[in-house]
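Here are the chains, one letter per residue:
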Amino acid sequence: MQTSLQRSLLKFWLALLCVCASWVALPAHASAKDYISASAYWEDRSGQATFEQAQQHTFTPYQGILNRGYTNSAHWVRLHIDGAETPVAGDKLVLRIRPVFLDSITLFDPADPNPKRPRVTGDLTPWSEAEWQSSDFGFVIPAQAQPRDIWIRLQSTSTHFMVIDALSLAEAKRLDHIQELVYTSSIGVLFFFWAWMLIAWLNDRDKLNGVFVIKQSMMIVYTLAYFGYHRIVLSEWLTPETLDRFFNYANIAAAGTAIWFERYLICEYTLPMWVRHSIRSVVWLIVIPLVLMMAGQTQLAMQINLILLGIFITLPLVLAVLFIHDEPSPHAYRFPKMVVIGYYGILTSFVLFSVLPVLGLTQGSSWAIHSLVIHGFLSGGLMTVLLQFRAKRLEQQRREVSNQLYLSQQQVPMERERREEQTHFLHMLMHELKNPLAVIDMALHTPLEHHQSITYASRAVMDMKAIIERCVDADQLEEGNLE
């Protein structure tokens with residue numbers, strides 16, 4: 001059975017490598033010439049600086065991705081746009097900005113024919129009013145033969161984590177098509193995990209499977225919102241502010257259900273009572289981001305939510321190393337200790353890789369903007385394989401119990417028949433022994449001659465011995481010891 005688990009995990013890792021390769025290869029395969037040759041930022045701690053004031057400050061160069069963590073400041077980004085090789089009238093460039101949870105992004109472009117008109121995008125801008133109607137944010141700017149600098153102002157209650165590309169119009173469209181294909185495939189895989197475990201739960205009603213189905217449901221909702229589909233589908237009925245709150249609550253719900261599931265999984269093992277009570281008490285901390293969101297402290301809620309997710313994915317790894325032992329249970333199947341340690345070790349490594357750049361503590365790569373989604377795919381896929389294996393083992397245990405019950409039910413009439421035969425045999429034996437005993441009693445109490453009494457008594461004893469020998473022969477014949 002352990003070999004079967006290893007084969008299942010191997011198949012999952014092969015599938016995961018293919019999906020991760022598509023995610024990693026997405027920027028490389030679909031990337032074209034990026035017209036941004038240099039980028040720098042300045043942090044406006046007051047959040048009130050004008051464009052003219054921002055131009056007078058010293059900007060700090062950075063490469064690739066801007067990750068400044070959660071802050072109330074505004075960030076100004078200066079981008080140096082290279083000149084197009086053969087610009088012609090009407091040529092356009094697309095400033096493609098990710099991810100889609102940034103609130104307000106303002107563009108200042110000297111080449112704008114109407115520089116006084118504010119050009120704003122972000123998740124607080126209606127999707128129908130966006131310059132670049134895509135799952136990503138974007139601006140359409142003119143291509144020029146001469147290089148120039150443009151400025152972008154970022155203000156957001158979410159983390160200041162931003163990737164900007166300047167692509168030609170055709171290349172931006174092509175990249176969007178490829179990205180949509182990857183997004184759709186990823187949603188399909190997540191839905192497959194959800195449906196697979198839903199069917200398993202409907203069959204066995206296992207509580208852990210049910211919690212996993214709820215967790216995956218929230219993960220699908222969060223992923224759809226993370227990809228920006230909620231803005232595209234619901235923008236005609238809901239305001240941008242409502243959609244922004246929807247994404248934040250989906251974020252909290254996805255993290256909370258993930259923590260809830262990990263608590264159920266780790267508590268299936270034999271842990272010290274103080275550890276078990278501590279886990280149940282500490283898990284209630286997941287309501288803190290929800291309370292802060294309801295109180296209007298969105299940025300603090302999102303920051304604490306991300307920190308709690310990192311802590312509660314790392315904590316089970318420590319508990320697995322210290323307290324979990326491979327103890328077989330006749331009532332439930334438990335994953336081997338090394339499987340649990342491997343599962344949480346992978347999740348911990350990936351969560352730290354995901355959380356630290358978003359918090360602004362480490363520098364991340366351009367595809368790290370999807371790291372939390374990939375984490376959801378990784379944890380969901382790996383746990384789906386493990387839970388399916390667990391479901392098979394539980395089904396095997398149920399079949400064994402059912403077979404034992406069936407055999408015991410079949411043995412009941414056989415045992416009853418055997419007892420009846422024994423009772424009948426005892427009655428016959430008592431009847432057969434009663435006559436010799438009566439003869440012996442008569443010989444002892446009847447006034448007969450001595451030799452006659454001895455003759456009657458000896459004959460009765462011989463009859464009793466014959467009866468006993470026949471009983472012994474019958475027992476040996478039944479046991480197969482006598483032919």
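Cut-offs applied
Residues numbered from 1 in each chain as written. Predicted model: local features only at pLDDT ≥ 70, side-chain atom pairs only at ≥ 80, totals over all residues. Heavy atoms only, no water. 1 Å grid on protein atoms, 1.4 Å probe; cavity = no way out; pocket = protein on both sides within 12 Å on 5 of 7 lines; lining within 4 Å. Points joined across faces, edges and corners; volume = space filled by probe spheres on them. Helix = DSSP H or I, 4+ residues; strand = E, 2+ residues; numbered from the N terminus. Nonpolar A, V, L, I, M, F, W, Y, C, P; charged D, E, K, R; others polar. Pairing = 2+ DSSP bridges. Axes fitted to C-alpha atoms, helices over the stretch in contact; angles between N-to-C directions. Salt bridge = Lys/Arg side-chain N within 4 Å of Asp/Glu carboxyl O. Buried < 20%, exposed > 50% of the residue type's maximum accessible area, 1.4 Å probe, protein only. Expected span 1.5 Å × (residues − 1).

A.B. asks: So what exactly am I meant to see when it comes to empty space enclosed by the protein here?
C.D. replies: A water-sized probe, rolled over the atoms, reveals where empty space remains. Evaluation of the coordinates by the stated rule reveals 7 cavities of 30 Å³ or more. There is about 80 Å³ of room inside the second largest cavity. Together, I259, E262, R263, I266, I279, V283, F312, L315, P316 and L319 line the second largest cavity. Listed by contribution, the elements that provide at least two residues to the lining of the second largest cavity are α6 (240-266) and α9 (298-323). Partitioning the lining of the second largest cavity into residue classes produces 8 nonpolar, no polar and 2 charged.

A.B. asks: Whenever I open this one, the sheet that holds strand β9 (residues 148-155) confuses me. Can you help?
C.D. replies: Strands in a sheet are paired, the pairing made by backbone hydrogen bonds, and the direction either parallel or antiparallel. Pairing within the open sheet is antiparallel, and its 6 strands lie in the order β2-β1-β4-β9-β6-β7. Two strands close off the open sheet at either side, each with one partner strand: β2 (60-62) and β7 (119-121). Across this sheet, the average inter-strand angle for adjacent strands is 25°, counted without regard to direction. Across 5 bridges, the pairing between strand β6 (residues 104-108) and β9 is antiparallel. Bridge pairing links S104 to Q155 in β9.

A.B. asks: It is not clear to me how unusual backbone geometry should be interpreted in this structure. Could you clarify?
C.D. replies: Leaving glycine aside, a negative phi is the common case for residues, and trans is the common case for peptide bonds. Here R98 and P99 are connected by a cis peptide whose omega angle stands at 0°. Among the secondary structure elements, P99 is positioned in the loop between β5 (92-98) and β6.

A.B. asks: Before we go on, may I ask you to explain the pattern of salt bridges in this structure?
C.D. replies: Should their charged atoms come close, side chains of opposite charge can pair. All told, the structure shown has 8 salt bridges when counted by the stated rule. A salt bridge links D136 to R96; the nearest nitrogen and oxygen atoms lie 3.0 Å apart. Linking D136 in the loop between β7 and β8 (137-142) with R96 in strand β5, this pair joins segments that are 40 residues apart in sequence. Taken individually, D136 and R96 each receive the classification buried, so the pair is uniform in this respect. Note that R119 is salt-bridged to D112, the shortest N-O span being 3.5 Å. Each member of the pair, R119 together with D112, is buried. Ionic contacts of the salt-bridge type, sharing partners, join the residues E43, R45 and R68 into one network.

A.B. asks: Can you help me understand α6 in this one?
C.D. replies: Since one α-helical turn is 3.6 residues long, residues separated by three or four positions face the same way. Across its 27 residues, α6 extends 39 Å between first and last C-alpha, which sits within 8% of the 39 Å expected from 1.5 Å per residue. Taken across its 27 residues, α6 has 20 buried, putting it largely inside the fold.

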